[in-house]
Structure formats: structure tokens, C-alpha cells
Amino acid sequence: MNILRTTIIVFISFVVSVLSSNAQDPDNNLINLIENDSIITIYQSKTLTDRLFSGLKNGSDNSQSAKTSQSNEVSRTDADIAVGQKVAGFRIQVFSDNNARTAKNEARAKSHNISGSFPHWRTYITYEAPYWRLRVGDFRSRTDAEEAAEEIKRHFPSYSCEVRVVRDRINYSL
């Protein structure tokens, strides 16, 4: 019980310190760090998602500011879902690992490297228990994805053993 209490206190202290340091520097706030890093997708059950959104819509706090921020949060999420239409397509899987200690950081490092060399392709880091995966691009045809995979292999020879084209739901763009 003491270990759990200590862990919670350390975590809360960390969050408070990050939020207070980020409040002073608007270019380095937590939201910007998350949004600018890459896209991280967490798969969860529909029941959990419904519970989360019903909690946001109902709101347990009676203050007007809390209700306003919650309604803004829900409407922004709804708009993202309406705009970001997913269609069948292909992505390049560059990394997949289930090592709890290193997989997330390795996926992020590879994502950063690929984004730096190929800024026109988006990177997607996903966690689907127990695997962290890094996928690249939104390709409508397999041949486009295979050509891009060859470019990645040429530019990053050390990644070539894991690079492969996979079917995925992609973001539709004209």
C-alpha cells in the first residue's frame, strides 16, 4: 500500500511540475509536445469510448467554465471524426515490437527519423496490446506503397528487415 501511495505522489508531482513549467513557456506546453510529436492511436473498446464521451457530455462539475470546456472538447472531437474519413488502403509498417521497456521509445525514434527525411508522409504510432507499431503514409494503391517502402529501405538500411506493406484504414485525401 505504501508503494502505491508513493507512486501516486511521485506521478502527481511530475504532472504538476510539467504543467507549471509548460504554463510559463507557451511554445513548450504539453498539448504542443503531444500534437507535434506524431500520431499515437490507442485502441479501446466501444463501451469505454461511450463512457468517456457520456462523461464529457454530462459533466459532473456545476461551474459554467467546466461545462464550456467540456462542450468544446466534445464538439472538437466530433468534428475530427466527421472530417477524418477513413478508407481502405495501404501503409508501410516500419516497426513492431512488444518489449514493454523499449518499444514505445524505439517507435518514436524511428518515427522522428522518418518524418525528418520524408516530411510528406505522416507517421502513425499505434499501441494494440501488447504491440507498439510504427506505420508510415496513406497510400491508395499497393504499388505506391511498395515504391515508398523501397525508398525507406534505401534511406534507412538498418530498418529494411522490418519494412513491409500492410493493409490499413487510411486517411482519405484528394
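Cut-offs and rules
- Residues numbered from 1 in each chain as written.
- Predicted model: local features only at pLDDT ≥ 70, side-chain atom pairs only at ≥ 80, totals over all residues.
- Heavy atoms only, no water.
- Helix = DSSP H or I, 4+ residues; strand = E, 2+ residues; numbered from the N terminus.
- Buried < 20%, exposed > 50% of the residue type's maximum accessible area, 1.4 Å probe, protein only.
- Areas by Shrake-Rupley, 256 points an atom, 1.4 Å probe, with all protein chains shown as cover.
- Phe/Tyr/Trp six-rings, centres within 6.5 Å; stacked < 30°, edge-to-face > 60°.
- Lys NZ or Arg CZ within 6 Å of the ring centre and 35° of its normal.
- Pairing = 2+ DSSP bridges.
- Expected span 1.5 Å × (residues − 1).
- Arc of directions from axis to C-beta.
- Contact = heavy atoms within 4.5 Å.

A. Molecular detail of the overall build of the protein chain. Looking only at helices and strands, the protein chain features six helices and five strands. Moving toward the C terminus, one meets the helices and strands of the protein chain in the order α-α-β-α-α-β-α-β-β-α-β. Within the protein chain, the proportion of its 174 residues that are buried is 25%. Only carbon and sulfur atoms are counted for the fraction: they give 54% of the accessible area of the protein chain, which is about 12300 Å².

B. Representation of the packing of aromatic side chains within the structure. If you walk through the whole model with that rule in mind, you get five aromatic pairs. Measuring from ring centre to ring centre gives 6.5 Å for Phe-118 and Phe-156, while their planes differ by 65°; the resulting arrangement is edge-to-face. A residue pair is termed long-range when its members are at least 10 positions apart, and Phe-118 in the loop between helix H5 (103-117) and strand E3 (123-128) and Phe-156 in the loop between helix H6 (142-155) and strand E5 (164-171) qualify at 38 residues. In this structure Phe-118 comes out as buried when scored by relative accessible area, which is 6%. Residue class for Phe-156 comes out buried when judged on its relative accessible area of 13%. An angle of 70° between the planes, with centres 5.9 Å apart, marks the rings of Trp-121 and Phe-139 as edge-to-face. Here Trp-121 is found in the loop between H5 and E3, whereas its partner Phe-139 is found in strand E4 (residues 131-139), with 18 residues between them in sequence. When sorted by exposure, Trp-121 lands in the same class as Phe-139, which is buried. Among the aromatic side chains, those forming a connected cluster through ring pairs are Phe-118, Trp-121, Phe-139, Phe-156 and Tyr-159. A cation over a ring is seen here: Lys-110 above Tyr-159, with NZ or CZ 4.7 Å from the ring centre.

C. Structural context of the pairing of E3. Here six bridges tie E3 to E4, and the two strands are oriented antiparallel to one another. In the strand pairing of E4, Thr-123 is matched with Val-136. Counted between consecutive antiparallel strands, the loop separating E3 from E4 contains two residues.

D. Up close: unusual backbone geometry. Residue Ala-129 is joined to Pro-130 through a cis peptide bond whose omega torsion reads 0°. Turning to its location among the elements, Pro-130 is positioned in the loop between E3 and E4.

E. Local environment of H6. Under the 1.5 Å per step criterion, the end-to-end length of H6 is 20 Å for 14 residues, consistent within 8% with the ideal 20 Å. Every buried residue belonging to H6 is among Ala-145, Ala-148, Ala-149 and Ile-152, and all of these are buried. Seen end-on, H6 carries its buried residues on one side only, within an arc spanning 105°. Along H6, the residues that are exposed and aim more than 90 degrees away from the buried face are Glu-147 and Arg-154. Taken together, the buried residues of H6 touch strand E2 (86-97), E4 and E5.

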